[in-house]
Every structure is written in structure tokens, then in C-alpha cells.
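These are the residues of each chain, in order.
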Amino acid sequence: MEISILEFQSLSWTQPWVQAAFGLTGLLVLAWLLQLLTQLVLMRGVARLGLAAGVKGLAAVLLNRTVLRRAVQIVPPLVLLLGLRLVPHLPKAVATVIENVATALVVLFIARALFKMFDVALKLHDTEAALHNRARSRSIKAYIQMGQLVVGIAAVVIMIAALADKSPLIVLSGFGAMSAVLMLVFQDIIKSFVAGLQIEGNDMMRVGDWIEVPQAGADGAVIDIALNTVKVQNWDKTIVTIPTWKLISESFKNWRGMQESGGRRIKRTLMIDAGSIHFLSDEQIERLGHIKLIADYVKEKADAVKISRAMKLRELGDVLGRVPANQRRLTNIGTFRAYVLAYLQANSGIHPDMTLMVRMLQPTPEGVPLELYCFTNTTAWVDYEAIQSDIFDHLLAILPEFGLRTFQAPGGADMRALGDVRALSGVGGLKEYS
């Protein structure tokens, strides 16, 4: 005990290690106090001032409270790094170790602050898009993630170099020797980043777009565009995750053009039974002339038919001029086609400024296709299907007015009825013979 007391009494400020210990302790206390002061100034002063001023853009990111909170963490190791030379009689080896650790911590806290800046920038961008109802705004998430990746790699390289007391170029040369392995590990990230640049540069896809990727089973709205993946929420509420680079290497359909045009296409056919197509008699023409939508059309065509018949009579004589094959006549399918066109033109759900036509396609074994080609004045899925269904409900119901039938393959009940008819015919024949 006496030796210890004597040794303690022998301590003096003039001893180098004592000066070094006190100097280092004072530097740590100063770093802590400066951190508190910086936090007080930034958090309660600058951040509140920026919030009150309503700053936007880069200033809003820099003055965000979470960013400032992480930026304050840089102060202690930075003060320690800058003030280390002022500590007297500090051994060179100890000073080197402390300096290397402080440098690594400064780099770490700077990287953390930059990570938070990227996150805040992404959040502010999404919030701004939501406030202005830009549902299909361009996503910057891929760029944010790429920036974070670059910052992370650079921070790791500098921290390793600082802790090893080597130049960052030496560390990078070590990574260069592993370039083949790194390329193999990060090949999807590299391909996806290049694909993301092409998608963004060519404006091929945005968040909110409706896309179809049949090979990936995706048919729905894009909800997220990240560095490596694109998330699509299908209409059945399932979510499909697609690697970004696959959208460049394979084709996909984007419905944004349809959504922005304000109209969605209807392209459907009515299969008309060819056996129901015939010429219209004068009585049928008169009856169809009472339909308001085609009253003018029927009157115009009927007058043209009368004039044509009169000319044929003068040209061919009374006998040949009255042969039906030599006369101009109206068909029920042609009149029905005119009715469908007039019905679509009068329909309030059809876009008036987009292509509208009714055409007959090449006959098939299933009947004669009558195609409707038009656009609705809405792109909403439910409204579109309602308009389309109403149109075909009406057309199917009014077909008999024109003497037309739709083609329908015989079902089990039809075949059973046909068999019953044949059986009854056979029984009747036997009774008559007997």
C-alpha cells in the first residue's frame, strides 16, 4: 500500500503520459459537448426554420429531422480526428489507431446520413406525386437503390482502407483481382440497373401502369419499380415479382396509351347464321322503316331500289325486268349492319371522335362474323364491361326483327330432341304401314 501511495504521489503533470491521458479525455468531452451543441442548433433551429419556411426539393431533404439527426453523429469522430494532433505526448502507434478508427467512423456516419437522404428523397417524391394525383408518375426507386449501393460500396472500401492504414487504391486493386467473382455475384444487379435506365429513359413503364407479361403470369397494375424487381398487382389481387432485366429481354404490353387516350376499344363479333340471311320483301322493308334509327336509311334505300327497278324494266323489258335476280334488292344483314352503326353512333357510352365501324368478315363454318369496332368513352374496367354488355344484349335481342339468327352449335338437349323426333317418326311409319 505504501508503494502505491508513493507511486500516486509521484504523479506529476509534467509526465508525458499524464498529459496525453488528460488531453485525450478533454478531447472526448469536447467532442461530446460539440455534438450536443450541434444537435441543439440543427434540430431546434435549422430544422424548425426550414419547416416553417416550407422548403422543397433538395433543401427539404437536407433539413429533414431524421437526416440532421444522423448528420450530428459525424461530429464526435470528426472532432476527435481533427483534434488528435493537439493532444501532447500521444504515442504514435496509439495516435495512428485512434485516427484510423475515427476516420472509419466518420465515413460510416456520412454513409448512414446519405442513406437517410436517399430514403427521405424517395418518400418526398412519392408524397408529392400522391398530392398531385400523379398515380402513374415515374419511379425513382431504382436510382435511389443504385445510389445507396454505390455509397455502401465506397464506404466499405474506404473504411477497410482506413482500418488497415492502407490506400483505398490498394483495396480496390484487391477487388479488381476478384472482378470475375464480383461480376458473377452482381450480374443480376448490373443487368437490372441497365434495364432500369432503358425503361426510365424510354418511358416504357411507370408506377400505376397496366401491363401484361404473359410469360410471367402478370396482368395488372405496376405498384413498385425497384433496382432488381418490378412488382405487378394482378386484377385478382395476387402480386407478381418480375426481374427488371426480363422486361427488356422479353416483350410486354403497356396499356397506358389506352388509359391516356380516354377510350377503350371494343372489337367483338356476332356470328350470324348464314341460313337466316335473305332479301327483304316490300312488307319487311315497310316494317323496318318504322325503326327510328334507320328510318331515313330505309327510305333512301327503298327509293333507290324503286328507281333501279324502273330502269331495269325500261332496259330489259317487262318480263326480264321482273325477274328477282335482275332487280336491285335489300338484304336483311345489310340493313341490320346499318342499324348497328346507327345504334353505336347514338350510344352515349361510345367515344364519338374515335374509329367506329361495323364490318362483315369472311364467312366461317360457325357462321358469318359481323364485327363491331369502336371505342368507349371511358377506360374504367367496370364501366367498359357494362357498356359492352349492354350493346350486345340489345343486338342479340333485336336480331329476330331483321329475320336473322345467331349461330350456335347444337348442344346435348338439341341432339336429344332430334333423336326423339326421329323415334316418333319411326313409330308413326310402322303404324301407317300396318
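Here the residue numbering is sequential within each chain, running from 1 through the sequence in written order. Residues qualify for local features only when their pLDDT is at least 70, as the model is predicted, and side-chain atom pairs are given and counted only at 80 or more; totals for whole chains, interfaces and linings, by contrast, use all residues. Water and hydrogen atoms play no part in the side-chain values, which are based on all heavy atoms of the structure.

## A closer look at the overall build of the protein
Looking only at helices and strands, one finds 17 helices and 8 strands in the protein. For every residue, the accessible area obtained with a 1.4 Å probe (protein chains only) is divided by the maximum for its type, and the residue is called buried under 20%, exposed over 50%, and partly exposed between those limits. Expressed as a percentage of its 434 residues, the buried residues of the protein come to 31%. Every residue pair with non-hydrogen atoms within 4.5 Å of one another is taken to be in contact. When contacts within the protein are restricted to residue pairs at least 6 apart in sequence, long-range pairs at least 24 apart make up 66% of them. Helix and strand assignments come from DSSP, with helices taken as H or I runs of at least 4 residues and strands as E runs of at least 2, each series counted from the N terminus.

## Quick look at the side chain of Thr335
Among the structural elements, Thr335 can be located in helix H15 (residues 332–346). Judged by relative accessible area, which is 2%, Thr335 ranks as buried. Beyond its immediate stretch of four places on either side in the chain, Thr335 contacts Leu280, Leu288, Ile294, Tyr297, Val298, Leu330 and Phe402.

## Some details on the packing of aromatic side chains
Any Phe, Tyr or Trp ring, taking Trp's six-membered ring, that has another such ring centre within 6.5 Å forms a pair; planes under 30 degrees apart are called stacked, those over 60 apart edge-to-face, and the others tilted. According to the stated counting rule, one finds 7 aromatic pairs in the structure shown. On the numbers, 5.4 Å between centres and 80° between planes, the contact of Trp210 with Trp235 is edge-to-face. One end of the pair, Trp210, is in strand S1 (residues 210–213); the other, Trp235, is in the loop between strand S3 (229–234) and strand S4 (239–243), with 25 residues separating them in the sequence. Exposure remark for Trp210: the relative accessible area of 8% places this residue in the buried category. A centroid spacing of 6.0 Å and a plane angle of 80° characterise the contact between Tyr373 and Phe375, whose relative ring orientation is edge-to-face. Judged by relative accessible area, which is 17%, Tyr373 ranks as buried.

## Thoughts on the nonpolar core
Among the nonpolar cores identified, the biggest contains 33 residues, and Ile272, Phe336, Tyr339, Leu344, Ile391, Leu395 and Phe402 are the most heavily contacted of them. Counting only elements with at least two residues in this core, the list comes to strand S6 (264–272), helix H13 (282–288), helix H14 (295–321), H15, strand S8 (368–376) and helix H16 (381–398). Looking at which element gives the most residues to this core, the answer is H15, with 7 residues. Not counting residues up to four positions away in its chain, the partners in contact with Ile391 are Ile266, Tyr343, Leu344, Asn347, Ile350 and Leu372. Nonpolar cores are built from buried Ala, Val, Leu, Ile, Met, Phe, Trp, Tyr and Cys residues. Side-chain atoms within 4.5 Å join them into one set. The next biggest cluster of nonpolar side chains, apart from the first, holds 13 residues, and it includes Ile199, Met205, Val213 and Ala218.

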